[in-house]
Amino acid sequence: MYWEKDLEIMPREELVKLQRERLHKTILQAAKTPFYRKQFAKLHITPESIQTLEDLQNLPFTTKEDLRQGFPFKFLAVPLEEVVRLHSSSGTTGVPTVIYHSAEDLDRWTNQVARCLYMVGVRKTDVFQNMMSYGLFTGGLGMHYGAERLGALTIPIGAGNSKRQIWFLQFFKTTAAHILPSYALLLANLIKSEGLDPKKDLNLRIMLIGAEPHSEETRQRIEELYGAKAYNSYGLSEMNGPGVAFECPYQNGMHLWEDYYLLEIVNPQTGEPCASGEVGEIVLTTIYRDATPILRYRTRDLASFIDEPCPCGRTHRRISRIQGRSDDMFIVRGVNIFPIQVEKVLMGIPEVGTNYRIVLEREDYRDVMRVEVEIKSELFLGDLQKLERLRERIQSELRSEILVTPEVSLVEPGTLPTQEGKAQRVLDQRKF
Amino acid sequence: MAHQISVFAENKPGRIEKITRLLLQGGINIRAITISSANGFGVIKILVNHPHQAYELLRAQGIPTYLQEVIAVVMQDAPGSLHAVAQVLSENGVNIEDAYGFVIKSGEMAVLVIQVESQPRAQSILERNGFRLLSDEEIYHL
Ligand SMILES: [Zn+2]
């Protein structure tokens, strides 16, 4: 049941002690980087003065912009020759952010992912199909090495190319898959259009879904479509990648590995800590990484703490599923809306198909929000009035969730555009 | 017993063209077509010579399609004949959900297609009252 029992169910006091030791080492590492050396000097802070999480909170947040400004080496804490890999994500400005890993860093990350996979029941007898992009993006390689560490037969198929995915799923009787939730929904349709039933004709039993925020309703739909358990996976490249937090078999929040990170959840506007249950921005400090230590990193991901102990026995605190990103929020007629709110409503209505799109337009200086919803072919019964009632139902359920009345149009399945298998959820055509 | 296929379509140029083209390519003949639409989408109802085949063909293209039984009643193409059908049904408490007609031979023969809730009952009422109902084959051979 546990990959590393002593660490996973470690009593809180011991875990906090371990965190302090690791924080101390991390601060010493950080002091070797040009970015933090300069910051510490500016604030007259000595590494010795930071011992606890409370001490750490005297330091400013580190942002994605800081990482960009720090390109290429300002966050590097070891000699370059000790670095064995880098991962990089390109920003909208074109300046990439880079995370360097030593051999030991990679080993720890691999262990972290193996811990997650083992927790949800992946074993060496599994055939693991990794449908995430390989390369600079961490989703592919990160999960790949964790699955290999467990001893699972790992298929590095990468993202896209659905025909090939389906062939591998069938031929190798794949039992576990790592997949984007939006792609899992699309792929199910493609599997059906080849005359196969994803539930009966495939052998999937475990699906790891992550890399984009998704709702509980989407998870349930994926589980029904494939007849498999789907577990929520959370990670970001600045904090290694997949494996930062992961659902346990109880599927109620994700355990964030506190022997790897210090966790804070803060109000995105004020930076003040959030109470348990209150949604705020996840802020993480690496405490088990040597080459690129990052202190108080603002992830932009929104979630809340779940404070109650988990029945699985793990003592690492849980966070809720990601409620959105503090930067993917859009504003319609003055109201803040997250795409995930729309998704939650749509995926809870059985007649709604697997894809949808939010289109924002501006007509006569007024915002118009249109939600295009694919209908489900199987549930079309030839009746115009039923469709109109469905449209009205979607509209009214959306209104009560987002407090804005959107226009709703029903569209034919498979007609909404997708990019590289990833659904495009928001199209903002407003010109201000 | 006659069958009708219903197709979901968005109100966009080319939707009907696409559906009729697919049916044409599949060697299927259209006997009647009717379109009703609401907010940005509509339902196209079609009578064809091979409804099951047409249904499979459109479904295979991923187009939301539904196959259902309808009643096709033969009428005189003359004033009052539509009323005669409606009267019989209303006297027996049968509610018509949807109906459309097409003329076979001007001034002589027309066909009324009706959708009701309780199909078998409506059918037996009409037959007892002397109306002639058509099967898919008969519609095609008219
Ligand atoms: Zn648990």
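All of these numbers come straight from a predicted model, not from anything done at the bench.

Procedures and definitions
- All residue numbers here refer to positions counted from 1 along the written sequence of the relevant chain.
- Lettering for chains starts from A, numbering for ligands starts from 1, and both go in the order in which the items are written.
- The predicted origin of the model limits local features to residues at a pLDDT of at least 70 and limits the giving and counting of side-chain atom pairs to 80 or more, whereas totals for whole chains, interfaces and linings rest on all residues.
- Where side-chain values are given, they derive from all heavy atoms of the structure, hydrogens and water being excluded.
- In plain words, nonpolar cores are sets of buried Ala, Val, Leu, Ile, Met, Phe, Trp, Tyr and Cys residues tied together by side-chain atoms within 4.5 Å.
- Each residue is assigned to one of three classes by its accessible area relative to the maximum for its type, calculated with a 1.4 Å probe on protein chains only: buried under 20%, partly exposed between the two thresholds, exposed over 50%.
- Two residues qualify as a contact provided that any one of their heavy atoms is within 4.5 Å of a heavy atom in the partner residue.
- Here a cavity denotes a set of grid points, spaced 1 Å apart and computed over the protein atoms alone, in which a 1.4 Å probe fits but from which it cannot get out, and a pocket denotes an open set meeting protein on both sides within 12 Å along at least five of seven lines; residues with an atom within 4 Å of a point are reported as lining.
- Grid points are joined across faces, edges and corners, and a volume is the space filled by probe spheres set on the points.
- Each residue is assigned to one of three groups, with Ala, Val, Leu, Ile, Met, Phe, Trp, Tyr, Cys and Pro labelled nonpolar, Asp, Glu, Lys and Arg labelled charged, and all others, Gly among them, labelled polar.
- DSSP calls a pair of strands paired once it identifies at least 2 bridges connecting them.
- Segments assigned H or I by DSSP are reported as helices when at least four residues long, segments assigned E as strands when at least two residues long, and all are numbered from the N terminus.
- All axes here are fitted lines through C-alpha atoms, helices being fitted over the stretch that makes contact, and every angle between N-to-C directions spans 0 to 180 degrees.
- Note on terms: buried area is the combined drop in 1.4 Å-probe accessible area of two parts once they are placed together, counting the loss on both.
- The rule for a salt bridge is simple: a side-chain nitrogen of Lys or Arg has to be within 4 Å of a carboxyl oxygen of Asp or Glu.

Colleague: Which parts of the structure should I look at to understand the nonpolar core?
Modeller: The nonpolar side chains of soluble globular proteins are, as a tendency, buried together. Residue and element names in this part refer to chain A. In this structure, Leu117, Leu208, Tyr234, Leu284 and Ile319 are the most contacted members of the largest nonpolar core, which totals 60 residues. When residues no more than four places from it in sequence are discounted, the contact partners of tyrosine 234 are Gly241, Pro242, Gly243, Val244, Ala245, Met254, Ile282, Thr299, Asp301, Ile319 and Ile322. Within the second largest apolar cluster, 55 residues are counted, among which are Leu196, Leu204, Ala228 and Ile394.

Colleague: I'm lost on empty space enclosed by the protein in this one. Help?
Modeller: A water-sized probe rolled over the atoms picks out the places where empty space is left. All names here are of chain A. Counted according to the given criterion, the structure contains two cavities of 30 Å³ or more. Considered as a void within the structure, the largest cavity measures approximately 50 Å³ in volume. As for the largest cavity, its lining consists of Leu67, Gly70, Phe71, Pro72, Phe75, Thr97 and Val98. For the lining of the largest cavity, a count of residues per class yields five nonpolar, two polar and no charged. Considered as a void within the structure, the second largest cavity measures approximately 40 Å³ in volume.

Colleague: Help me understand the sheet that holds strand 20 (residues 407–411) of chain A, please; the structure alone is not making it clear to me.
Modeller: Backbone hydrogen bonds are what pair the strands of a sheet, in a parallel or an antiparallel way. All names here are of chain A. Read from one edge to the other, the open sheet built from four strands follows the order 20-19-18-23, with strand pairing classed as mixed. The open sheet has two edge strands with one neighbour each: strand 20 and strand 23 (426–428). Averaged over all pairs of adjacent strands, the angle between their axes in this sheet comes to 20 degrees, without regard to strand direction. Pairing geometry for strand 18 (residues 352–363) and strand 19 (residues 366–375), over nine bridges, is antiparallel. Among the inter-strand pairings, arginine 357 is bridged to a residue of strand 19, identified as glutamate 372.

Colleague: Help me out: how do you make sense of the layout of surface pockets in this one?
Modeller: Within this model, the second largest pocket holds a volume of roughly 1,100 Å³. Considering the residues around the second largest pocket, the lining is formed by 36 residues, among which Asn189, Lys192, Ser377, Glu378 and Pro413 of chain A are closest to the centre. Only helix 9 (181–193), helix 10 (216–226), strand 18 and strand 19 of chain A together with helix 2 (51–60) of chain B provide two or more residues apiece to the lining of the second largest pocket. If you tally residues by element for the lining of the second largest pocket, the top one is helix 9 of chain A, at six residues. For the lining of the second largest pocket, the per-class residue count stands at eleven nonpolar, 15 polar and ten charged.

Colleague: Would you mind showing me how to read the interface of chain A and chain B here?
Modeller: You'll often see interface size given as the accessible area lost when the parts meet. Across the contact, 16 residues belong to chain A and 20 residues belong to chain B. For the pairing of chain A and chain B, the buried interface totals around 1,500 Å² over both sides, and the portion due to carbon and sulfur atoms is 62%. Of all residues in chain A, Phe380, Leu384 and Glu412 of chain A give up the largest surface area on contact with chain B, accounting jointly for 43% of the area buried on that side. Across the contact surface, chain A and chain B share one salt bridge. The partner of arginine 15 of chain B in a salt bridge is glutamate 412 of chain A, with the nearest N and O atoms 2.3 Å apart.

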